[in-house]
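Here are the chains, one letter per residue:
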Amino acid sequence: MELKRLVKREVARLRAYQATEVPCRVKLDANESPYGFRVALKAAAAVRTNRYPDPEAKKLRKILAGELGVMPQNILQGNGSDEIIYNLVATYGGPVLYPVPTFSMYGIISQILGEKKVIVPLDREFDLDEGKMLKAIRKSRPKIVFLSSPNNPTGNCFSSDRILKIVEASQGIVVVDEAYQPFASEKGFLPLLKDYRNLVIMRTLSKIGLAALRFGFLAADEEIIEEVNKVRLPFNVNALSQAVAVEALKDRKALRTAVVAIAAERDRLMQAMEGIGEITPFPSEANFILFRVSDPAKVHAGLLRRGVLVRNVADAVKGCLRVTVGTPQENRIFLHALRSCTGKSS
Ligand code: PMP
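Conventions used here
Residues numbered from 1 in each chain as written. Predicted model: local features only at pLDDT ≥ 70, side-chain atom pairs only at ≥ 80, totals over all residues. Heavy atoms only, no water. Pairing = 2+ DSSP bridges. Helix = DSSP H or I, 4+ residues; strand = E, 2+ residues; numbered from the N terminus. Axes fitted to C-alpha atoms, helices over the stretch in contact; angles between N-to-C directions. Contact = heavy atoms within 4.5 Å. Near = heavy atom within 4 Å. Polar contact = N/O pair within 3.5 Å; in protein donor to acceptor, adjacent residues only side chain to side chain. Areas by Shrake-Rupley, 256 points an atom, 1.4 Å probe, with all protein chains shown as cover. Nonpolar A, V, L, I, M, F, W, Y, C, P; charged D, E, K, R; others polar. Expected span 1.5 Å × (residues − 1). Buried < 20%, exposed > 50% of the residue type's maximum accessible area, 1.4 Å probe, protein only. Parallel < 35°, antiparallel > 145°, perpendicular 65-115°, else oblique. Left-handed = near helix turned anticlockwise from the far one by under 90°.

Draft legend 1. Looking closely at the sheet that holds strand β13 (residues 320–324). With respect to topology, four strands assemble into an open sheet ordered β9-β10-β13-β12, the strand pairing being antiparallel. At either margin of the open sheet sits one strand with a lone partner, and together these are β9 (280–281) and β12 (311–312). Of the pairings in the sheet, the one linking β12 to β13 comprises two bridges and is antiparallel in character. Bridge pairing in β13 places asparagine 312 opposite leucine 321.

Structure (C-alpha cells):
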C-alpha cells in the first residue's frame, strides 16, 4: 500500500517547516531572545496537574488587554502565533495574500488548508510595492492579507502609509504581524484598531524571552475574535504556559530592559557588520539582521564549523543569511567567525 497516496495533495507537496536542532555553541538562527526569565518558572509549582487549564486564559488576556489599551474581549490567545495564523486561515479561508519574502508560515498554513495563495514581491527596498499590492487586492479580493512588520527575514518595517492604504482598500481582514514590534523604533498599529474594523494585530511572547511557552495572541474587533474563537481548539494554551507568562508579565521592567539591551546590541552588531567588506547587512528594526554574502552555503557551513548557527535564507532572499542578535559575548564570537570565514583566506 502506498501510504503517501492517502495524503491530501496539498500536504504531500509540502516540505516540513525547518525546525531541527543543530548542535552548536552559539545559537543565532531562530530569532529567540538570549535572555530568559527563569524566576517566572516558580509560578509553575502552583499548577494543578490534574486539571485542564483555564480555557479562556482569563488572567493572561486581562493583563495583555490592560497593557495594550483594549478590552479582554478584544484579545484571543494562541499556542504561539503560528496557531493563530492557522486559526485565522481556517476561519476566513482564502485567497490569502502576502508580500514576499516574508514569514513562511503564511504560505505553508494556507497550503495545508487548501486555500489559494496570492504573493506579491516586495520592492527593491524590501518595502510594500503599493501599486502591485493594491492591484492584487482589487483583482483577487483576498479574505486575509498578512503583513509582517517588522518583516521576517528582511528586518525592516513597511511604510505605515502603505499599510494603511492596504487596510483601507481591503474587503477582507488585514493582519499586521507585530512579532518583532517590541524592537522597532516606531509605535505599531495598535492605536488604529478602533478606526479600522478589518485590522487585526498579531503579537507573540516568543521573541521577548518566552519562546518556550508558545504563546501568541490577536488583538482585534470583538466580532473577529468571536469567529476565530469557534475554530480555536479547547484548552489550546496549557496551564504551565499561562502561569509562567502571567508571572513573567508582572515584571514589565525586566522584559523591557532585555528588549532595550537587544535593540542597542543590534545597532552595535550592525555597525560592526558594516565594517566587514565582503558582506552587506540590511538595516533592521527587529532582533535579527539579514546580510548578503557571496556564497551563503559556504559561509553558513563555515560559521557552523566555528560553532555559530545562523539561518540560511538564500532560498527566500538571494545570497542572504540571517543572524539573530545574541548577548554581546555571542555577537563577538559570531563577528570573529564571520570575519574569518568571509576573509580572503577562508
Ligand atoms: N510571525 C513572524 C513574523 C515570525 O517571525 C514568527 C516566528 N519566527 C512568528 C510569527 C511565530 O511566532 P510564534 O513563536 O509566536 O509562533
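Draft legend 2. Looking closely at the sheet that holds strand β4 (residues 117–121). Spatial strand order, β2-β8-β7-β6-β5-β3-β4: seven strands in an open sheet with mixed pairing. Single-partner strands in this sheet number two, and they are β2 (75–78) and β4. On average, adjacent strands in this sheet sit at an angle of 25° to one another, irrespective of strand direction. Direction of pairing for strand β5 (residues 144–148) relative to strand β6 (residues 173–177): parallel, over a ladder of five bridges. Paired with isoleucine 144 across the strands is isoleucine 173, a residue of β6. Against the sheet, helix α2 (residues 58–68) contacts β2, β7 (199–204) and β8 (216–219), and its axis sits at roughly 130° relative to β2.

Draft legend 3. Layout of the site of the ligand. The full set close to the ligand counts 13 residues, and Asp177, Tyr180, Thr204, Ser206 and Arg214 are the nearest of them. Measuring from an oxygen atom of the ligand, one finds a backbone N or O atom of aspartate 82 at 3.0 Å. Note that an oxygen atom of the ligand is positioned 2.6 Å from one of the side-chain N or O atoms of arginine 214. Across the complex, the protein chains shield 93% of the 410 Å² of accessible surface that the ligand would expose by itself. It is helix α3 (residues 80–92) that contributes the most residues to the shell around the ligand, three residues altogether. Residues belonging to the shell around the ligand are distributed by class as follows: three nonpolar, six polar and four charged.

Draft legend 4. Representation of the side chain of asparagine 287 within the structure. Tracing the chain through its elements places asparagine 287 in the loop between β9 and β10 (288–292). Engagement of the side chain of asparagine 287 in a polar contact is seen with the backbone oxygen of asparagine 31, the distance being 3.0 Å. Those residues in contact with asparagine 287 that sit more than four places away from it in its chain are Asn31, Glu32, Tyr180, Phe183, Lys207, Ile262, Thr324 and Val325.

Draft legend 5. Highlighting helix α9 (residues 252–274). Taking 1.5 Å as the rise per residue, α9 with 23 residues should run 33 Å; its terminal C-alpha atoms sit 33 Å apart, in good agreement. Looking only at α9, the buried set comprises Leu255, Ala258, Val259, Ile262, Ala263, Glu265, Arg266, Leu269, Met270 and Met273. In this structure, the buried side of α9 is in contact with α8 (239–250), β9, β10, β13 and α11 (328–342).

Draft legend 6. Examining the side chain of asparagine 74 more closely. Tracing the chain through its elements places asparagine 74 in the loop between α2 and β2. Beyond its immediate chain neighbours, meaning those up to four positions away, asparagine 74 contacts Leu218, Ala219, Ala220, Asp221, Glu222 and Ile225.

Draft legend 7. Region of interest: the environment of proline 55. Residue placement: proline 55 occurs in the loop between β1 (26–27) and α2. According to the relative accessible area criterion, proline 55 is partly exposed, its value standing at 34%. Other than its neighbours up to four places away in sequence, proline 55 contacts Gln77, Arg232 and Phe235.

Draft legend 8. Structural detail: unusual backbone geometry. Each neighbour pair has its own omega, and for serine 149 with proline 150 the value is -5°, a cis peptide bond. Here the amide bond leading from asparagine 152 into proline 153 is cis, since omega sits at 15°, within 30 degrees of zero. Tracing the backbone shows proline 153 in the loop between β5 and α6 (160–169). In this structure, arginine 141 takes a positive phi of about 45° despite not being glycine. Here arginine 141 lies in the loop between α5 (130–140) and β5.

Draft legend 9. Spatial organisation of the packing of α3 against helix α4 (residues 105–112). In contact at an axis separation of 10 Å, α3 and α4 are set at 45° when each is read in the N-to-C sense. When the axis of α3 is compared with that of α4, the two are oblique. As for how α3 packs across α4, the hand of that crossing is right-handed. On the side of α3, the interface is formed by Asp82, Ile85, Tyr86 and Val89, while α4 contributes Met105, Tyr106, Ile109, Ser110 and Ile112.

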